[in-house]
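Overview (structure and organization)
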Amino acid sequence: MFGISPLARTGLAIALMVLMPVVGAGAQDAFKDFKQLDSTSKMPKLNAFIAPGTAPEGAKLRDVAMEAKLTADGTPVEDGLSWYVFSPIAGADGKLPLIASAKGGPAAFQLAPGDYFVNVSFGRAGVTKKLTVPADGEVDKQVMVLDAGGLLLNAVSGTDARIRPDQLSFSIYSSEVRDDGERGLVLADVSPNTVVRLNAGTYHIVSEYGSVNAVIRADIQVEAGKLTEATIQHRAAQMTFKLVSEAGGEAIADTAWSILTAAGDSVGESVSAFPTMVLAEGEYSAIARNKDKIYQRDFKVVAGRNTDVEVLMKDQQPQQPESPAARTVQQAPAGTPPPPGVQAAPEEPLPSYEQLVPQGGGDGASLD
C-alpha cells in the first residue's frame, strides 16, 4: 500500500514517504487523517441558481450536475470543494461576473442555455473549464479532473530528534524562478502535520527552525491522487545561554548577549538571563555584557544536541592596552614635592623681558 516517491533534493537529507492512491474511497481517506488546510466543515450539498436578472427573459433553466476527481480514474471528491460559475462576458469593471457558487462535494446548478466558465478548487488545487449549456437535449454531467494531491510537512533535528511544532514553519514556493530571480509564493507559514492540497507538480519548500539561521530548502514533488509526507532534516540545535560566577551556578540577570559566527558575523542578540536560540550546526562565540564588563566563550553546535552554554565570569575579555595618545597627564600643583624615589624634573626659567620683546627690525610699537 505504501511506495516511495522520488525526490529532488538540494543537498540536504529529507525523508520522504508517499501514500499511493487507493481504489475507491481510500484515496480520499488519506486526506482526512490529518488536519486540513483551508478545509470547510462538512455541509449539505448546495444547489446554486443563476443570479436574478442574468438569465434572458423566458429562458428555460437547465439542470447541470458536476463532480470533481483528483485523477481521471479516481472517485469523486465528497467534501472540501468550492464551485464557481462565471459569465464569459466581462462586466463594466473588467471582471467576469459570478453567476453561481456552491461548497461541499458534487454540485447541481440550474443555468440558462449559454456559455460559462466553471472553476472548482480543492484547497490550493484548482481547475477551470468552459461549459456550454444547450437549449435542448441532454445535459451531460460535468466531470472536473483536478490533477491534485496532498503534501504534509514535518522536520527533525539531527538524525531523529523531534522539533516542537511551534518552532517550525514552512513556506511553499513554485519551482520555477522568475526573471527577477524570485519564486512565486504559493503558501506561507504552513504548520507541521497539516495537509496542503496542491496541483500535481514540483514545489520549492523552505523550512525554518527557530528564528535565527536554521533554514533548509528542498524541492518536493506532489503527485496526483497521492499524499506526500516529507520530513526535512535540520542540521541545528537549541542552545540556552547563562552567565554564571561558577560552573553550574545561578544565571546572572541583566545580561546582554551577542552570538557571533566563527567569521565574526552577528546572528542573534538578546537581553535575558536565559536566552534560548536555535542555531545551525557550526562554531560560534557567545559574548555576554554585564555591568560594563564583557565575557566571552567559544562553543560548537552539534545537530540535534540541545545544550546549555555557560559563560563564566572569569572568562572576561582582556582589556586593550592603552595607547600613549589616550593617556591623560595630570599636572601637580607648583611646589609639590615629587613622590619618593622620583627625581624632580628641572624647572625651566621664566623668559625675560628681552626674550619677549622683538629685537632689531621691530616697528617700535608698545606692548601696551
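Residues numbered from 1 in each chain as written. Predicted model: local features only at pLDDT ≥ 70, side-chain atom pairs only at ≥ 80, totals over all residues. Heavy atoms only, no water.

**Description of the environment of T194**
The residue T194 is located in strand β16 (residues 194-199) in this model. Separated by 41 residues in sequence, T194 and L153 place their C-alpha atoms 6.9 Å apart. One polar contact links the side chain of T194 to the main-chain carbonyl oxygen of S191, over a distance of 3.2 Å. (Helix = DSSP H or I, 4+ residues; strand = E, 2+ residues; numbered from the N terminus. Polar contact = N/O pair within 3.5 Å; in protein donor to acceptor, adjacent residues only side chain to side chain.)

**Here we look at the side chain of S171**
Mapped onto the fold, S171 is located in strand β14 (residues 168-177). Taking the relative accessible area as the measure of exposure, S171 reaches 7% and is therefore buried. Setting aside residues no more than four positions away along its own chain, S171 makes contact with L185, L187, A188, D189, H204, I205 and V206. (Buried < 20%, exposed > 50% of the residue type's maximum accessible area, 1.4 Å probe, protein only. Contact = heavy atoms within 4.5 Å.)

**Details of unusual backbone geometry**
Although it is not a glycine, D147 sits at a positive phi angle of roughly 55°. Mapped onto the elements, D147 comes out in the loop between β11 (142-145) and β12 (148-157). One non-glycine residue with positive phi stands out, namely D189, at about 55°. Within the secondary structure, D189 sits in strand β15 (residues 183-190). D189 sits in the exposed class, given a relative accessible area of 63%.

**Side note on the sheet that holds strand β25 (residues 293-301)**
Strand order in the open sheet formed by four strands is β22-β21-β24-β25, with antiparallel pairing between adjacent strands. Of all strands in the sheet, those with a lone pairing partner are β22 (266-271) and β25, marking the two edges. Neighbour-to-neighbour, the strand axes of the sheet open up by a mean angle of 20°, direction not taken into account. Judged from the five bridges that link them, strand β21 (residues 256-261) and β22 form a sheet pairing that is antiparallel. Among the inter-strand pairings, A256 is bridged to a residue of β22, identified as V271. (Pairing = 2+ DSSP bridges. Axes fitted to C-alpha atoms, helices over the stretch in contact; angles between N-to-C directions.)

**Digging into the pattern of salt bridges**
The tally for this structure, following the rule as stated, stands at six salt bridges. Among the salt bridges present, the one from E281 reaches R235, with a minimum N-O distance of 3.3 Å. Of this pair, E281 sits in the loop between β23 (276-280) and β24 (282-290) while R235 sits in the loop between β19 (227-234) and β20 (236-244), and the two are 46 residues apart along the sequence. (Salt bridge = Lys/Arg side-chain N within 4 Å of Asp/Glu carboxyl O.)

**Comments concerning the confidence of the model for the chain**
As a note on interpretation, predicted positions should not be read in detail where pLDDT is low. Across the chain, pLDDT averages 80, with 70% of residues at or above 70. Of all helices and strands in the chain, the one with the weakest mean pLDDT is strand β1 (residues 2-3) (36), whereas strand β17 (residues 201-209) scores best (97). (pLDDT = per-residue confidence, 0-100.)

**Focus on the sheet that holds strand β26 (residues 307-312)**
Read from one edge to the other, the open sheet built from three strands follows the order β23-β20-β26, with strand pairing classed as mixed. Only two strands of the sheet have a single partner each, and these edge strands are β23 and β26. Strand-to-strand twist of the sheet, defined as the mean angle between neighbouring strand axes without regard to direction, takes the value 35°. With six bridges joining them, β20 and β26 adopt parallel strand pairing.

**Structural notes on the packing of aromatic side chains**
If you walk through the whole model with that rule in mind, you get three aromatic pairs. Between the aromatic rings of F241 and F299, the centroid separation amounts to 5.4 Å while the plane-to-plane angle is 65°, which identifies the pairing as edge-to-face. Taken together, the residues F241 in strand β20 and F299 in strand β25 connect sequence positions 58 residues apart. Judged on exposure class, the residue F241 and its partner F299 are both buried. When the centroid spacing of 5.7 Å and the interplanar angle of 20° are considered together, the rings of Y284 and F299 count as stacked. Here Y284, found in strand β24, pairs with F299, found in strand β25; they are 15 residues apart in sequence, far enough to count as distant. (Phe/Tyr/Trp six-rings, centres within 6.5 Å; stacked < 30°, edge-to-face > 60°.)

**Here's the deal with the pairing of β24**
Pairing between β21 and β24: six bridges, direction antiparallel. Within β24, the position partnered with S258 by the bridge is I287. The pairing of β24 with β25 spans nine bridges and is antiparallel. In the strand pairing of β25, I287 is matched with Q296.

**A short note on the environment of A112**
Tracing the sequence through the fold places A112 in the loop between β8 (107-111) and β9 (114-122). A relative accessible area of 1% means that A112 is categorised as buried. Along the primary structure A112 and K60 are separated by 52 residues, whereas in three dimensions their C-alpha atoms are 6.0 Å apart.

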